[in-house]
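Structural overview for review
Here's the letter readout for the chains.
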Amino acid sequence: MTKKLIAGNWKMNGNLGANAQLLDAVLEGLGGRALACDVAVCVPAPYLLQVQGYQDRSRDSSGAPRLWLGAQDISRHESGAYTGEVSGRMLREFGVRFALVGHSERRQYHGETDETVALKAKAALSAGITPIVCVGETLAEREAGQTDDVVRRQLAAVIHENGHCITEIVVAYEPVWAIGTGKTASPEQAQQVHAVLRAQLGVASPAAGGIRILYGGSMNAGNAAELLAQPDIDGGLIGGASLKASDFLAIVGAAQVL
Ligand code: 13P
């Protein structure tokens, strides 16, 4: 079975003091044992150095971190005159293991197209960073019966651009209507879309069964176990609940027992 991944997305939240409190509590909760799932936090770029320290402190006896460091975005470019952007090579210098690409907030507020997202995934892979490629439909698209078409189109661009490397990505299904709204997709709704994505990945690669597909959108301590029990849900991408250690740890706990 694929090792589950529980990734927090702090979005534009935090400060040095609050981050330290949160991560001290998370590391204490994760304890000293090896974990049955991977755990990561995707943090704002100014905090990469701070959280890299926690990643280093969290290593188990095999040297693997119990808490992986993730970024929330990555430039599609390698270097040059791109004011404000952060390259994959820069992220790697801070030990970044994962980078979100194509989060719906980037698509919506920063005009990221499917093509841009695909190029960002490529930039991550070539820097040795695992992209967490976010896809998901809006409420209007769901109500118009377009969910499958929308997520397939978003993922197709990434498959097209990344070809044989596709098994190295993580996919996150995040229905836009469920993000930060308290409305979660039901386990059946989420599983149905995950199965669509799995089938599409299966056409691209015979090893698609090993690609982790996360669910995100109001996942919390109360609903995580049921969502994570679905056959094609291989983890969670957690916004609000990743900012509270007890909630985040409860979700990690749910992933551990499955
Ligand atoms: P919430 O868990 O706050 O709904 O956010 C989900 C999300 O966007 C994670 O990337």
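Use the structure listed above.
Residues numbered from 1 in each chain as written. Predicted model: local features only at pLDDT ≥ 70, side-chain atom pairs only at ≥ 80, totals over all residues. Heavy atoms only, no water.

1. Thoughts on the environment of Ala-18
Tracing the backbone through its elements, the reader meets Ala-18 in helix α1 (residues 16-30). Overall, Ala-18 belongs to the partly exposed group, its relative accessible area being 32%. Placed 225 residues apart in sequence, Ala-18 and Leu-243 show a C-alpha to C-alpha distance of 9.3 Å. (Helix = DSSP H or I, 4+ residues; strand = E, 2+ residues; numbered from the N terminus. Buried < 20%, exposed > 50% of the residue type's maximum accessible area, 1.4 Å probe, protein only.)

2. Remarks on the packing of helix α7 (residues 147-162) against helix α8 (residues 187-204)
Two numbers describe how α7 lies on α8: the axes approach to 10 Å, and their chain directions differ by 35°. Helix-helix and strand crossings are classified by hand; for α7 and α8 the assignment is right-handed. From α7, Thr-147, Asp-148, Val-151, Arg-152, Leu-155, Ala-156 and Ile-159 reach across to α8, where they touch Gln-192, Val-193, Val-196, Leu-197, Gln-200, Leu-201 and Ala-204. Taken together, the residues of the contact of α7 with α8 sort by class into nine nonpolar, three polar and two charged. (Axes fitted to C-alpha atoms, helices over the stretch in contact; angles between N-to-C directions. Left-handed = near helix turned anticlockwise from the far one by under 90°. Contact = heavy atoms within 4.5 Å. Nonpolar A, V, L, I, M, F, W, Y, C, P; charged D, E, K, R; others polar.)

3. Some points on helix α10 (residues 245-256)
Here α10 is twelve residues long and its end C-alpha atoms lie 16 Å apart, about the 16 Å a rise of 1.5 Å per residue gives. Here α10 has its buried residues at Ala-245, Phe-248, Ile-251, Val-252, Ala-254, Ala-255 and Gln-256. (Expected span 1.5 Å × (residues − 1).)

4. Regarding the packing of α1 against α10
For any two helices packed against each other, the geometry comes down to the angle between their axes and how far apart the axes lie. Contact pair α1 / α10: the axes reach a minimum separation of 9 Å and the direction vectors enclose 30°. Remark: the crossing between α1 and α10 carries right-handed chirality. Across the interface between the two elements, Leu-22, Ala-25, Val-26, Gly-29 and Leu-30 of α1 pack against Ala-245, Phe-248, Leu-249 and Val-252 of α10. Looking at the contact of α1 with α10 residue by residue, the class counts come to eight nonpolar, one polar and no charged.

5. Considerations on α8
Across its 18 residues, α8 extends 26 Å between first and last C-alpha, which sits within 8% of the 26 Å expected from 1.5 Å per residue. Every buried residue of α8 is listed here: Pro-187, Ala-190, Gln-191, Val-193, His-194, Val-196, Leu-197, Arg-198, Gln-200 and Leu-201. Contacts made by the buried residues of α8 are with β5 (130-135), α6 (139-143), α7, β6 (170-173), β7 (213-216) and α9 (224-228).

6. Overview of the sheet that holds strand β2 (residues 38-43)
The eight strands lie next to each other as β1-β2-β3-β4-β5-β6-β7-β8, forming a closed barrel whose pairing is parallel. The sheet shows a mean angle of 25° between the axes of neighbouring strands, taken without regard to direction. With respect to the sheet, α7 is in contact with β5 and β6, its orientation differing from that of β5 by roughly 155°. (Pairing = 2+ DSSP bridges.)

7. So, the pattern of salt bridges
Evaluation of the coordinates by the stated rule reveals 16 salt bridges. A salt bridge links Asp-114 to Arg-107; the nearest nitrogen and oxygen atoms lie 2.9 Å apart. In terms of burial, Asp-114 and Arg-107 fall into one category: buried. Across the pair Arg-142 and Glu-137 runs a salt bridge whose closest N-O atoms are separated by 2.8 Å. Overall, the relative accessible area of 21% leaves Arg-142 in the partly exposed class. Using a relative accessible area of 0% as the deciding quantity, one classes Glu-137 as buried. (Salt bridge = Lys/Arg side-chain N within 4 Å of Asp/Glu carboxyl O.)

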